[in-house]
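This is what each chain is made of:
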Amino acid sequence: MKNSLKKLNSFGVECFCNEIYIIKSYENYLQIKQNLKGKNIIILGAGTNILFKTQNLDYTILKVDIEGIKIIEDNDENIIVSVGAGLNWDDFVSWCVKNNYGGVENLTFIPGNVGSAPIQNIGAYGSEIKDVIYSCEGFYLDSSEQKIFNKDECEFEYRSSIFKQKLKNKFLISRVNFRLSKKNHRINTSYKALSDKLIEKQIKEPKISNISSLVKEIREKKLPNYTQLGNAGSFFKNPVLKKKNFEKIFNKYSTIPFYKMSKNEYKLPAAWLIEKCGFKDICENQVGVYKNQSLVIINKGGATGLDIYNFSQKIKQEVKNKFDILLEEEVNII
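A few points on the structure.

What follows is about the side chain of Ser174. In this fold, Ser174 is placed in strand E13 (residues 171–181). Dropping the residues within four chain positions of it, Ser174 is found in contact with Ile66, Val83, Gly84, Ala85, Glu137 and Gly138.

A few words on the nonpolar core. Counting 42 residues, the largest nonpolar core has Phe52, Ile274, Ile308, Ile315, Val319, Ile325 and Leu327 as its most contacted members. For this core, the secondary-structure elements that each account for two or more residues are strand E4 (41–44), strand E5 (50–51), helix H6 (243–252), helix H7 (270–276), strand E17 (287–290), strand E18 (293–299) and helix H8 (305–323). Among the nonpolar cores identified, the runner-up in size contains 40 residues, and Val114, Ile129, Ile133 and Ile211 belong to it.

Let's shift gears to the pattern of salt bridges. Scanning all chains against the criterion turns up 21 salt bridges. Its salt-bridge partner being Glu19, residue Lys39 comes within 2.9 Å of it at the nearest N-O pair. Here Lys39, found in the loop between helix H1 (26–32) and E4, pairs with Glu19, found in strand E3 (residues 19–23); they are 20 residues apart in sequence, far enough to count as distant. By relative accessible area, which is 34% here, Lys39 ends up partly exposed. Linking Lys147 and Glu153 is a salt bridge whose minimum nitrogen-to-oxygen distance equals 3.7 Å. Among the charged side chains, a network of salt bridges with common partners joins Glu128, Lys130, Asp131, Arg159 and Glu330.

Moving on, we get to the layout of surface pockets. Taken as a whole, the second largest pocket encloses approximately 430 Å³ of empty space. In this structure, the second largest pocket is lined by 18 residues; those nearest its centre are Gly102, Gly103, Asp131, Val132 and Arg186. Those elements that provide at least two residues to the lining of the second largest pocket are strand E11 (133–140) and E13. No other element matches E13, which puts three residues into the lining of the second largest pocket. Considering only residue class, the lining of the second largest pocket consists of four nonpolar, nine polar and five charged.

What follows concerns the environment of Ile71. Checked against the element boundaries, Ile71 lands in strand E7 (residues 69–74). Residue classification places Ile71 among the partly exposed residues on the basis of a relative accessible area of 48%. When residues no more than four places from it in sequence are discounted, the contact partners of Ile71 are Ile79, Ile80 and Val81.

One pass over the full model with this rule turns up 23 aromatic pairs. Ring centres 5.0 Å apart and planes at 75° place the aromatic pair Tyr140 and Phe171 in the edge-to-face group. Placement of Tyr140 in strand E11 and of Phe171 in strand E13 is noted, with a sequence separation of 31 residues between them. Aromatic rings pair up to connect Trp89, Phe92, Trp95, Tyr101 and Phe178 into one cluster. Here Lys53 stacks its cationic end above the ring of Tyr309, 4.1 Å away from the centre of that ring. In this structure, Lys147 packs its charged tip against the face of Phe149, placed 4.9 Å from the ring centre.

Parameters at a glance
Residues numbered from 1 in each chain as written. Predicted model: local features only at pLDDT ≥ 70, side-chain atom pairs only at ≥ 80, totals over all residues. Heavy atoms only, no water. Helix = DSSP H or I, 4+ residues; strand = E, 2+ residues; numbered from the N terminus. Contact = heavy atoms within 4.5 Å. Core = buried A, V, L, I, M, F, W, Y, C linked by side-chain atoms within 4.5 Å. Buried < 20%, exposed > 50% of the residue type's maximum accessible area, 1.4 Å probe, protein only. Salt bridge = Lys/Arg side-chain N within 4 Å of Asp/Glu carboxyl O. 1 Å grid on protein atoms, 1.4 Å probe; cavity = no way out; pocket = protein on both sides within 12 Å on 5 of 7 lines; lining within 4 Å. Points joined across faces, edges and corners; volume = space filled by probe spheres on them. Nonpolar A, V, L, I, M, F, W, Y, C, P; charged D, E, K, R; others polar. Phe/Tyr/Trp six-rings, centres within 6.5 Å; stacked < 30°, edge-to-face > 60°. Lys NZ or Arg CZ within 6 Å of the ring centre and 35° of its normal.

Have a look at this one:
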């Protein structure tokens, strides 16, 4: 009997897999390992960054459900906490803010689980999770060998890591360890939308609780709730161009917003590129882009994974044709 994944993906598309195993611990995995021999495996968190483009998957799903927060080191300045991979990410952020532990407040209200966060190196409003990760614990599926990856070994890049690349569906993250500040917090207000909100609210010396609540306010207005409108957040990465290519586009489109990352690198907002290709006015097979953020592809109801995938590829092609920029998916497509 096939197992439905409709309630396990934020796009809300119907999809069936061979088997689903809930992993609550390393010992739990050892008990079911024999059943996995010769099978294709997908490690699944909350399903908020994945698109199943086919309705029948010849895969077995390992659903990570390891929870709990443990303090493993504590001093006057910092605290290191170990967090179960299956814990809801925003619940963890709320716990940090409540206890005045700094470092993740800019990452408030991002859907998903803790274990998926380092895979994607999630980021928002001027911060990335790599800034606070101390290490990642887990085990290899084939050998059952346990390993702790320190921060450098995680090979973090923009919206990527070793777990998304070389170790994709080969290494299961069971716990993520974070180093957080207890005082003298480095409040990050570099993101313009956030700094504008602080000015609007007349907050001159923001606390981490202020940052968290304002980020939530911004995200709620800008992004759709996937429980009401199927989506996986930003579908594409913001492209980073070398200076020569950036100048070529800027000379033609002088109003394009950009962020200078270095002397030779410029980041462009993919949403702007998508809007300039006219996708705010396009809806096909109940698929479109969100009215407040064109980087978010939405399932308006009843779309299949293939419908969503085809629409995303149409966006890629139009952006390539108009700007000679090939967008790269942020969402994991199966």
